Amino acid sequence: MLMIGFNRRFAPHIIKIKELLNPIKEPRSMIMTVNAGMIPADHWTQDSEIGGGRIIGEICHFIDLLRFLAGSEIAGNEIVRVDSKTGDTVTINLKFKDGSIGTIHYFANGSKRFPKERIEIFAGQKVLQLDNFKILKGYGFKGFKKMKLWQQNKGHKNEIQSFIDAVRNGKPSPIPFEEIAEVMKTTIQLAV
């Protein structure tokens, strides 16, 4: 069994999003915007030999999240970078086998005053918008308009508990190994 820190798929809001999307049997359009903030070029995380760079070290989490929300294998990917010393302001496009698409805007050139993470999902003439893992809003869903938490929850505790439960009770890994390998293969392709 393997545990990797793809915690966002275990966040309460993401679990609710999956529940709301499950009845929709058509491709999804997803936009993930990350206001990552600037890290100096000489910081260890920017060194591809030591820290792996921000694509391998951070963006992998967002690739996994969109893979999870699509519920379909990644069929293609592309990356566009802003010309900079660090190359860590990027837009990544993902295509999924079911026809879904996902875009990750990972920006290191924004203000710290702007929220860090936002996800928008469009499917079946409905929209879900999650801001900073605190407030989820639904548009076009019967019986669902909003889910709000008092504090941010990105799923760390739920992920660890799911892993421990799987080990103790002989259950399958909470994240299938094939999905971990697929996400990491895509991440490495985008990093080079």
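Refer to the structure above for everything that follows.
Here's a quick rundown of the structure. (Residues numbered from 1 in each chain as written. Predicted model: local features only at pLDDT ≥ 70, side-chain atom pairs only at ≥ 80, totals over all residues. Heavy atoms only, no water.)

**Considering the sheet that holds strand β5 (residues 117-123)**
Sheet architecture is open: eight strands sit in the order β2-β3-β4-β1-β5-β6-β7-β8, paired in mixed fashion. Across the chains shown, the open sheet's two edge strands, defined by having one partner strand only, are β2 (74-81) and β8 (146-148). Shown here is a sheet whose adjacent strand axes are inclined to one another by a mean of 10°, direction ignored. In this sheet, strand β4 (residues 101-107) lies alongside strand β1 (residues 29-35) in parallel orientation, the contact comprising seven bridges. What sits directly across from Met32, in β4, is Ile104. Sheet strands touched by helix α2 (residues 53-70): β1, β2, β3 (90-96), β4 and β5. Its angle to β4, the strand with the most contacts, is close to 150°. Together, β2 and β3 form the strand contacts of helix α4 (residues 177-191), whose direction differs from that of β2 by roughly 30°. (Pairing = 2+ DSSP bridges. Helix = DSSP H or I, 4+ residues; strand = E, 2+ residues; numbered from the N terminus. Axes fitted to C-alpha atoms, helices over the stretch in contact; angles between N-to-C directions. Contact = heavy atoms within 4.5 Å.)

**Focus: helix α1 (residues 12-21)**
Structurally, the α-helix is built with 3.6 residues per turn, so residues lying three or four positions apart point the same way. His13, Ile14, Ile17, Lys18, Leu20 and Leu21 are the residues of α1 that are buried. The buried residues of α1 all sit within an arc of 165° when viewed along its axis, so they share a single face. (Buried < 20%, exposed > 50% of the residue type's maximum accessible area, 1.4 Å probe, protein only. Arc of directions from axis to C-beta.)

**Digging into the packing of aromatic side chains**
Applying the stated criterion across every chain yields a total of one aromatic pair. Look at Phe62 and Tyr106: their rings are 6.3 Å apart centre to centre, the planes differ by 45°, and that puts the pair in the tilted class. In this pair, Phe62 sits in helix α2 while Tyr106 sits in strand β4, placing the two residues 44 residues apart along the sequence. For the pair Phe62 and Tyr106, a shared accessibility class is recorded, and that class is buried. Here Lys18 stacks its cationic end above the ring of Phe68, 4.6 Å away from the centre of that ring. Taking NZ or CZ as reference, Lys126 lies 6.0 Å from the ring centre of Phe141, over its face. (Phe/Tyr/Trp six-rings, centres within 6.5 Å; stacked < 30°, edge-to-face > 60°. Lys NZ or Arg CZ within 6 Å of the ring centre and 35° of its normal.)

**A short note on the nonpolar core**
By size, the foremost hydrophobic cluster in this structure holds 43 residues, and its most contacted members are Ile14, Ile17, Leu69, Ile104, Ile119 and Leu128. Apart from the residues lying within four places of it in its own chain, the contact partners of Ile119 are Ile14, Ile31, Met32, Leu65, Leu69, Leu128, Gln129, Leu130 and Phe133. (Core = buried A, V, L, I, M, F, W, Y, C linked by side-chain atoms within 4.5 Å.)

Limitation: the analysis is restricted to geometry and does not speak to function.
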